[in-house]
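# Examining the three-dimensional arrangement
Here is how the chains run, residue by residue.
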Amino acid sequence: DVKVTQSSRYLVKRTGEKVFLECVQDMDHENMFWYRQDPGLGLRLIYFSYDVKMKEKGDIPEGYSVSREKKERFSLILESASTNQTSMYLCASSFQILARDGYTFGSGTRLTVV
Amino acid sequence: DQQVKQNSPSLSVQEGRISILNCDYTNSMFDYFLWYKKYPAEGPTFLISISSIKDKNEDGRFTVFLNKSAKHLSLHIVPSQPGDSAVYFCAAIMKTSYDKVIFGPGTSLSVIP
């Protein structure tokens, strides 16, 4: 089974801190994604990557950046955390850029910015 | 403005009965639809999908119906089981330079024993 592992289940950070959310997948998938999930808004795409060192902005990239130095690892960076970035963050991966077979998601990181 | 809508935030159904989860979309460029299921403290898992060239897809207890003219799809679960209690996300795919996936806000299903 494909596994997508997010390093932290819960995080509490202070406003202005630089925050790193880590995601690792173990099935050699090319494509990796970062979403945030908020009540009433569903999942919204922040950034995605279809290859090492490649990144593309999603629908809500403001305040975030990403890093993909190795194929299996995709990091989401909050440059200066703000309270409106309190959310559930979900990492996903897929073998092909086509989403039709579904993504494999990690369990999520619940980030609280105080 | 949400392009994929799930107007019922929650739904309660008796065990053994049918659960019907609804989803509406606004963009006629969507050509593929998926349903994901999410338990608390877990990531969403892919459940079932349907292409816009079909009007029905069935997988065991789960059936998805698509009405393109109404821009509406629904997920039927028959019979409902307590283990089906979860949040269900509808998602739509639009082909651009990549598969752009738009998720709905989710419907929380409770199946009562």
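You'll find the structure just up there.
The structure contained in this document is the topic of the report that follows. (Residues numbered from 1 in each chain as written. Chains lettered and ligands numbered in written order. Predicted model: local features only at pLDDT ≥ 70, side-chain atom pairs only at ≥ 80, totals over all residues. Heavy atoms only, no water.)

### Let's talk about a nonpolar patch on the surface
In plain terms, the rule: By definition, no residue in a patch forms a salt bridge, and every one has over 30% relative accessible area; like charges are joined within 9 Å, nonpolar side chains (Val, Leu, Ile, Met, Phe, Trp, Tyr) within 5 Å. Accessibility throughout is a Shrake-Rupley quantity obtained with a 1.4 Å probe, and a residue counts as covered only by protein chains that appear here. Note on definitions: salt bridges are taken to be side-chain nitrogens of Lys or Arg within 4 Å of carboxyl oxygens of Asp or Glu. Helix numbering and strand numbering both begin at the N terminus, where a helix is a DSSP run of H or I of at least 4 residues and a strand a DSSP run of E of at least 2.
On the surface, a nonpolar cluster with roughly 220 Å² of combined accessible area is contributed by B:I18, B:I20 and B:V78. Counting through the fold element by element, B:I18 comes out in the loop between β2 (10-14) and β3 (19-25).

### Some details on the interface of chain A and chain B
Put simply, the test is: By definition, residues are in contact when any of their heavy atoms lie within 4.5 Å. The term buried area refers to how much accessible surface (probe radius 1.4 Å) is lost by two components on association, counted for both of them together. Within 3.5 Å is the distance limit for a polar contact, defined as a pair of N or O atoms, with the added protein rule that one can donate a hydrogen and the other accept it, and that residues adjacent in sequence qualify only through two side-chain atoms. Residue polarity follows a fixed list, in which Ala, Val, Leu, Ile, Met, Phe, Trp, Tyr, Cys and Pro are nonpolar, Asp, Glu, Lys and Arg are charged, and the others, Gly among them, are polar.
Taken together, the contacts link 20 residues of chain A with 23 residues of chain B. Summed over both sides, the interface of chain A with chain B buries roughly 1,800 Å², with 55% coming from carbon and sulfur. Counting the surface chain A buries against chain B, the share from its top three residues, A:L43, A:R100 and A:F105, is 32%. Our count for the chain A to chain B interface comes out at 1 salt bridge. Two residues, A:R100 and B:D31, come together in a salt bridge whose shortest N-O distance is 3.3 Å. Across the chain A-chain B interface, the total number found is 4 residue pairs in polar contact (both at pLDDT 80 or more). Going through the elements one at a time, β4 (31-38) and β5 (42-49) of chain A are the ones with two or more residues in the side of chain A that touches chain B. Ranked by the residues each element gives to the side of chain A that touches chain B, the list is headed by β5(A), at 3 residues. Among the residues making up the side of chain A that touches chain B, the classes are represented as 10 nonpolar, 6 polar and 4 charged.

### Things to note about the pattern of salt bridges
Note the following rule: For every residue, the accessible area obtained with a 1.4 Å probe (protein chains only) is divided by the maximum for its type, and the residue is called buried under 20%, exposed over 50%, and partly exposed between those limits.
As enumerated under the stated definition, the model contains 11 salt bridges over all chains in all. Residue A:R73 is joined to A:E22 by a salt bridge in which the shortest nitrogen-to-oxygen separation is 4.0 Å. You can see A:R73 sitting in strand β8 (residues 73-78) and its partner A:E22 sitting in strand β3 (residues 19-25), a full 51 residues away along the chain. Residue classification places A:R73 among the partly exposed residues on the basis of a relative accessible area of 39%. A salt bridge links B:D84 to B:K37; the nearest nitrogen and oxygen atoms lie 3.9 Å apart. In this pair, B:D84 sits in the loop between β8 (72-77) and β9 (86-95) while B:K37 sits in strand β4 (residues 30-38), placing the two residues 47 residues apart along the sequence. The exposure class of B:K37 is buried, given its relative accessible area of 11%. Each of A:D28, A:E30 and A:K71 takes part in salt bridges that share partners, so that together they form one network.

### Here we look at the state of the cysteines
Here is the rule: In plain terms, two cysteine sulfur atoms within 2.5 Å form what is called a disulfide here.
All chains considered together, the criterion is met by 2 disulfides over all chains. Across a sulfur-sulfur distance of 1.9 Å, A:C23 and A:C91 are joined as a disulfide pair. Across the S-S bond linking A:C23 and A:C91, the dihedral sits near -80°, which makes this disulfide left-handed. Highlighted residues: A:C23 in strand β3 and A:C91 in strand β9 (residues 87-94), separated in sequence by 68 residues. What makes A:C91 buried here is its relative accessible area of 0%. The disulfide bridge from B:C23 ends at B:C90, spanning 2.0 Å between sulfur atoms. Residues B:C23 and B:C90 share a disulfide whose torsion about the S-S bond is about -75°; that sign makes it left-handed. On the criterion of sequence distance, the pair formed by B:C23 in strand β3 and B:C90 in strand β9 is long-range, its members being 67 residues apart.

### Some thoughts on the environment of A:A99
Note that A:A99 resides in the loop between β9 and β10 (104-105). Between the C-alpha atoms of A:A99 and A:N31, which are 68 residues apart in sequence, the distance is 10.0 Å. When residues no more than four places from it in sequence are discounted, the contact partners of A:A99 are B:L34, B:I93, B:D99 and B:V101.

### Some points on the packing of aromatic side chains
Selection criterion: Side-chain rings of Phe, Tyr and Trp, where Trp is taken by its six-membered ring, are said to pair if the distance between their centres is within 6.5 Å; with planes under 30 degrees apart they count as stacked, over 60 as edge-to-face, and otherwise as tilted.
Tallied over the entire structure, the rule returns 13 aromatic pairs over all chains. Taken together, a centroid distance of 5.3 Å and an interplanar angle of 85° make the contact between A:Y35 and B:F103 edge-to-face. Note that A:Y35 is positioned in strand β4 and B:F103 in strand β10 (residues 99-103), a pairing that runs across two chains. Exposure remark for A:Y35: the relative accessible area of 1% places this residue in the buried category. Plain terms: the ring middles of B:Y36 and B:F103 are 5.6 Å apart, the flat faces sit at 50° to each other, and that makes the pair tilted. In this pair, B:Y36 is assigned in strand β4 and B:F103 in strand β10, connecting sequence segments 67 residues apart. An aromatic cluster is present here, built from A:F33, A:Y35, A:F48, A:Y103, A:F105, B:Y36, B:F46 and B:F103 joined pairwise through their rings.

Shape is all these values report; function is a separate question.
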